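Examination of the molecular architecture
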Amino acid sequence: MFGEGFLRTIEVAALALILALVLGIIFGVISTSNNKVMRGIARIYVEFFQNTPLVIQVFFLYNGLAIAGLRLSVFVIGVLGIGVYHGAYVSEVVKTGITSIPEGQVEAAKSQGFTYIQYMRYIILPQTIKIILPPLTNQAVNLIKNTSVLAMISGFDLMYMADSWASSSLDYGPSYVFAGLLYFMLCFPLATWARKYEERLKRNDTTRTLYDPCEEAVTC
Amino acid sequence: MLDVFKNVFTPSNVEFLAKGMALTIAISVSVVIISIIFGTILALLRTYEKRFLGKLAGFYIEMFRNTPLLLWILVCCFMIPYGTIVIRGGLALTLYTSAVIAEIVRGGLNSIAEGQFEAATSQGFTLIQTLIYIVLPQCFKSIVPSLLSQVITTVKDTSFLQVVAIPEYTRSGFVVMGRYTTTPEVFMIFAVLAVGYFVICFSLSCVVRSYQKRTQIAR
C-alpha cells in the first residue's frame, strides 16, 4: 500500500516537475523579452499562481470543473495543478538567472559576431544554469512535498495511503513516521545537494555580487 | 450574472466568509511571530553551536524541511490529545514554518563577517549583547525580502488547515459552496476565495519588490 502510494507520488512529482520546468523556462524567457504584452502575460501568470493557495487551485480543478461538466482524473489534476503552480516559481528563478548576467556580455558577444542562438547557447545559458541550479532544486523539493495536497482529493498518493492506513488500522504513529521517512528519503538528498552546491558556488565565484541568494525567495 | 451575485453574497455568507478570513489572518500572524522567534533561535544554534544543541537544531530543521506540511498537520491534529483543533493546527504550521525561517536566518548569519565578533568582544560586548546589538540587526536587514516571501507562503499554507475542518477562509468557502449547485455560483465562490488570498499576498509581494528596489538603489 505504501509502495503504491510512493510510486504514485514519484510519478506525479516527476511529470509535474517536467511541466513546471517547461512552463517556467517559457515564461521566464518571455518575462525578460522586450515585448510589453508578452511581459504582461508572464507577469499575470506568475502573480496569479504565486499569490493564491495551491489547495484552492487543486480543488477548483477537482470540484469546480466537475460541476462545470469536465471531470479530470486525480492523476491529471495532480500533474496539472502542481506543475502549473510550480511553473510560476520556476519562471521567477529563470528570470533572476537571466537578468543576473550583465548586459555587457550580450554586447560583447554580438560585437564578436555571435547570433542570438549562439550567444544564448555558449555564453548566457551555461552561466544561468550554474546560478539557478540550487534554487531550482529547492523548487523540486517543494514540489515533491506539495504533491501531498493530492491526499485531500483522494489522489492515492503516499500521504493519502498513509492516512487511510492510519485511520483503518488506528496505528497513527507508525504509519505517519513511515510516510515521513519516505518523503524524507526523496527530499533530503536533493536539498543537501543544493545547499552544498550553493556553498561551493559562493566560495569559488568571483562574480557573487551579481546574485545574492539571500535576497531570493527560496520558499513556496 | 447579477442574480448569481445576489445569491452568493447574502449577508450571512459574507459574515461567515469574513469570520473565516479573520481566523486565517489571526493564525497567520501568530504563526509568523512565533516562527520568527523560534526559527532565529534554531538558526543561531545551528550556526554558532557545533556540539549537541547545534546538531539537534540541524536535525530538527532537516526533518521539517524535507517532509510535507500536511503530514505534520495530521500528526498534530490526530496524535496530540491537548488543546483545541485550531491550536493543534497552528502548532503544526508553526513547527514547519520555523524550520524554513531558520534556514533563511542562517543565510543572513552566514553573510556576516567573523571579524565583527572579534571587534565586538574587544569592545567588551558579551556574546548575547553581540548577537542582539550587532549580528541580528544586520542579519534581519539582509533577509527582509525572503522573510516576507515566507510570510506570503505561510498565509497560503493556512489553507492546508482546511483538511482538519478548521474554519479558516478556505474551509468557510468550501462550506458555503456546499449549498450551491450551479456552475456560475460555484465559480463565483472559487473566485471570492482566490481574490481574498490574492489581495493579501499580492500586497505583501509588492512590499517585497519595492524594498528590493530601494536597497538596490542604495547600493
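Residues numbered from 1 in each chain as written. Chains lettered and ligands numbered in written order. Predicted model: local features only at pLDDT ≥ 70, side-chain atom pairs only at ≥ 80, totals over all residues. Heavy atoms only, no water.

1. Notes on the UniProt feature "domain: ABC transmembrane type-1" (unreviewed entry) in chain B
On the UniProt side, "domain: ABC transmembrane type-1" (unreviewed entry) is annotated at positions that read residues 21-208 of chain B here. Secondary structure content for residues 21-208 of chain B is 81% helix and 0% strand, and the end C-alpha separation is 23 Å. (UniProt positions renumbered as here; feature names shortened; annotations may be inferred. Helix = DSSP H or I, 4+ residues; strand = E, 2+ residues; numbered from the N terminus.)

2. A short note on the UniProt feature "transmembrane region" (unreviewed entry) in chain A
All names here are of chain A. In the numbering used here, UniProt assigns the feature "transmembrane region" (unreviewed entry) to residues 12-32, 44-62, 68-88, 143-162 and 174-194. For the annotated span residues 12-32, helix accounts for 90% and strand for 0% of the residues, and the straight-line distance between the end C-alpha atoms is 30 Å. Between the first and last C-alpha atoms of residues 143-162 the distance is 19 Å; the span itself is 45% helix and 0% strand.

3. Details of the packing of helix H2 (residues 11-48) of chain B against helix H3 (residues 52-65) of chain B
Residue and element names in this part refer to chain B. Running from amino to carboxyl end, H2 crosses H3 at an angle of 125°, the nearest separation of the two axes being 7 Å. Taken together, H2 and H3 sit at an angle that is classed as oblique. H2 and H3 meet at a crossing whose hand is left-handed. Here H2 contributes Phe38, Leu42, Leu45 and Arg46 to the contact with H3, which in turn contributes Leu53, Gly54, Ala57, Gly58, Tyr60, Ile61 and Glu62. Residues belonging to the contact of H2 with H3 are distributed by class as follows: seven nonpolar, two polar and two charged. (Axes fitted to C-alpha atoms, helices over the stretch in contact; angles between N-to-C directions. Parallel < 35°, antiparallel > 145°, perpendicular 65-115°, else oblique. Left-handed = near helix turned anticlockwise from the far one by under 90°. Contact = heavy atoms within 4.5 Å. Nonpolar A, V, L, I, M, F, W, Y, C, P; charged D, E, K, R; others polar.)

4. So, the interface of chain B and chain A
Of the residues lining the interface, 50 residues belong to chain B; the matching set on chain A comes to 46 residues. Counting the surface lost from both chain B and chain A, the interface buries some 4000 Å², and carbon and sulfur atoms represent 66% of this. Broken down residue by residue, the surface that chain B buries against chain A is led by B:Asn66, B:Lys156 and B:Phe190, which jointly contribute 15%. At the junction of chain B with chain A, the criterion picks out two salt bridges. Note that B:Glu62 and A:Arg195 form a salt bridge whose closest N and O atoms lie 2.8 Å from each other. Remark: the boundary between chain B and chain A carries seven residue pairs in polar contact (both at pLDDT 80 or more). (Buried area = accessible area lost by both parts, 1.4 Å probe. Salt bridge = Lys/Arg side-chain N within 4 Å of Asp/Glu carboxyl O. Polar contact = N/O pair within 3.5 Å; in protein donor to acceptor, adjacent residues only side chain to side chain.)

5. As for the pattern of salt bridges
What the rule picks out here adds up to nine salt bridges over all chains. The salt bridge partner of B:Arg46 is B:Glu103, with a shortest N-O separation of 3.0 Å. Here B:Arg46, found in helix H2, pairs with B:Glu103, found in helix H5 (residues 85-110); they are 57 residues apart in sequence, far enough to count as distant. You can call B:Glu103 buried: its relative accessible area is 13%. Salt-bridge contacts for B:Arg106 lead to B:Glu103; the nearest nitrogen and oxygen are separated by 3.0 Å. Of this pair, B:Arg106 and B:Glu103 both sit in helix H5, separated by three residues, roughly a single helical turn. Like B:Arg106, the residue B:Glu103 is buried in the burial classification. A cluster of three or more residues bridged by salt bridges with shared partners is formed by A:Arg195, A:Glu199, B:Arg46, B:Glu62, B:Glu103 and B:Arg106. (Buried < 20%, exposed > 50% of the residue type's maximum accessible area, 1.4 Å probe, protein only.)

6. Considerations on the environment of B:Thr183
With respect to the element layout, B:Thr183 can be found in helix H9 (residues 183-218). Considering only alpha carbons, one finds B:Thr183 and B:Val4, 179 residues apart in sequence, at a separation of 9.9 Å. Here B:Thr183 is in contact with A:Ile67 and A:Ala68, once residues within four sequence places are set aside.

7. Remarks on the packing of aromatic side chains
In this description, an aromatic ring pair is defined by two values, namely the gap between the centres and the angle between the planes. The tally for this structure, following the rule as stated, stands at 22 aromatic pairs over all chains. With a centroid separation of 5.0 Å and 80° between ring planes, the pair formed by A:Phe2 and A:Phe178 is classed as edge-to-face. Of the two residues, A:Phe2 is situated in helix H1 (residues 2-30) and A:Phe178 in helix H8 (residues 172-204); the sequence distance between them amounts to 176 residues. Note on A:Phe178: relative accessible area 39%, which makes it partly exposed. Centroid distance A:Tyr172 to B:Phe78: 5.7 Å. Interplanar angle 50°. Geometry classified as tilted. (Phe/Tyr/Trp six-rings, centres within 6.5 Å; stacked < 30°, edge-to-face > 60°.)

8. Side note on the confidence of the model for chain A
Low-pLDDT stretches of the model should not have their predicted coordinates read in fine detail. Per-residue pLDDT for chain A averages 86, and the proportion of residues at 70 or more is 93%. This stretch, residues 207-218 of chain A, has a pLDDT under 50; its non-local contacts, to residues over four places away or in other chains, come to 24 contacts. (pLDDT = per-residue confidence, 0-100.)

9. Examining the UniProt feature "domain: ABC transmembrane type-1" (unreviewed entry) in chain A
Here the UniProt feature "domain: ABC transmembrane type-1" (unreviewed entry) sits at residues 6-194 of chain A. Taken end to end, residues 6-194 of chain A comprises 82% helix and 0% strand; its first and last C-alpha atoms sit 23 Å apart.

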